[in-house]
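Commentary on secondary and tertiary structure
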Amino acid sequence: MFPPSTRHPARVQPIPAPKHSLSIGLVLAAAVIAAGLVIRFVPGVTTAELAAVEDFSRNHSPVLTGVALVLNVLFGPVSGGLMVTATTLYLLLIKHSRPGAALFAATVASGWLTCQLFKVVIGRIRPDPALLFDPLVPEPVSNSFPSGHTSLAVALTLALFLLVRGTRWAKPVLIAGALTAVVVAWSRVYIGAHYPLDVVASFPATIAAVLIMAGIWNRHAPALGAALRSRPATPPQ
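This structure is a prediction, so every number in the text was calculated from the model and none was measured.

**As for helix α3 (residues 62-74)**
In a regular helix each residue adds 1.5 Å, so 13 residues correspond to 18 Å; α3 covers 18 Å between its end C-alpha atoms and thus fits that length. Three or more residues of α3 are buried, namely T65, A68, L71 and N72. Down the axis of α3, the buried set is contained in an arc of 130°. They therefore lie on one face. Residues of α3 that are exposed and angled more than 90 degrees away from the buried face: P62, V63, V70 and V73. Where the residues of α3 are buried, they touch α6 (148-164) and α7 (170-190).

**Comments concerning the packing of helix α5 (residues 98-122) against α6**
Between α5 and α6, whose axes approach to 9 Å, the crossing angle comes to 155°. In terms of their interaxial angle, α5 and α6 are classed as roughly antiparallel. As for the relative orientation of α5 and α6, their crossing is right-handed in sense. Here G100, L103, F104, T107, V108, G111, W112, C115 and K119 of α5 come into contact with α6, specifically with G148, S151, L152, A155, L156, L158, A159, L160, L162 and L163. Classifying every residue of the contact of α5 with α6 gives 13 nonpolar, 5 polar and 1 charged.

**With respect to the side chain of T206**
Structurally, T206 is set in helix α8 (residues 196-230). Residue class for T206 comes out buried when judged on its relative accessible area of 0%. Leaving out residues up to four positions away in the same chain, T206 has contacts with G111, S151, V154 and A155.

Parameters at a glance
Counting of residues starts from 1 at the beginning of each chain's written sequence and follows it residue by residue. Side-chain atom pairs in this predicted model are given and counted only at pLDDT of 80 or more, local residue features only at pLDDT of at least 70, and totals for whole chains, interfaces and linings cover all residues. Each side-chain value is derived from all of the structure's non-hydrogen atoms; neither hydrogens nor water enter the calculation. Here a strand is any run of E in DSSP of at least two residues, a helix any run of H or I of at least four, and the numbering for each starts at the N terminus. Helix span, as expected, comes to 1.5 Å for every residue beyond the first. Accessible area is worked out with a 1.4 Å probe on protein chains only. A residue is then buried under 20% of its type maximum, exposed over 50%, and partly exposed in between. Taking the helix axis as origin, the arc is that swept by the directions to the C-beta atoms. Contact definition: two residues touch when any of their heavy atoms are within 4.5 Å. Angular values range over 0 to 180 degrees, each being the angle between N-to-C directions of two axes fitted as lines to C-alpha atoms, with helices fitted over their stretch in contact. The scheme is simple: roughly parallel for angles under 35 degrees, roughly antiparallel for over 145, roughly perpendicular for 65 to 115, oblique for anything else. We call a crossing left-handed when the near helix sits turned anticlockwise from the far one by less than a right angle, and right-handed when that turn is clockwise. Charged means Asp, Glu, Lys or Arg here, nonpolar means Ala, Val, Leu, Ile, Met, Phe, Trp, Tyr, Cys or Pro, and polar covers whatever is left, Gly included.

Scope: geometric values only; no functional claims are made or implied.
Take a look at the structure:
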């Protein structure tokens, strides 16, 4: 499923992305920011979304609540960081794939961590738990747009897809990852941590960040990898 094991530095390949992925990513990121500011400041938008969050809050069921709470932990900062670290170390130490480890870590980091930048720029506050009938996981007052949990799910999907592209696993990984990201997005609204448009925005926001990363990678990573491969090995002491 993952790149084959090798103890020799592998050639760094360009990421299959649109020709102008850097420019496309920047334009998409700007569109997400513009949409976020409109959502935040146009009267009535938040009120309408809060009604949807309240409707979820009044219609919890034991099974769905269990699923949502598991996803809340699994795609949270601690578990997410452990998943990314473990997979990166597996690619690096077990599969001996430095390019694969670098690509996986860069893809997830760009998509997940850039979410925090969007949050700061937009500055939309989470739904107030005091206004909800049954807030399952009351969040502290913090920025809400876009959803970090959803961004992590999308970023993991893209990272795994890039690793297995061109293999029989590519399509199943993409489909399973997309479905998982949608369920995670639903769970964030279900537990009352986000407005619906917060989770919707996580998809283009994450894709924008990964496109920007891909543009930078394709410009610099192959040349850097070639330089490292041509560097003479250090002679034994």
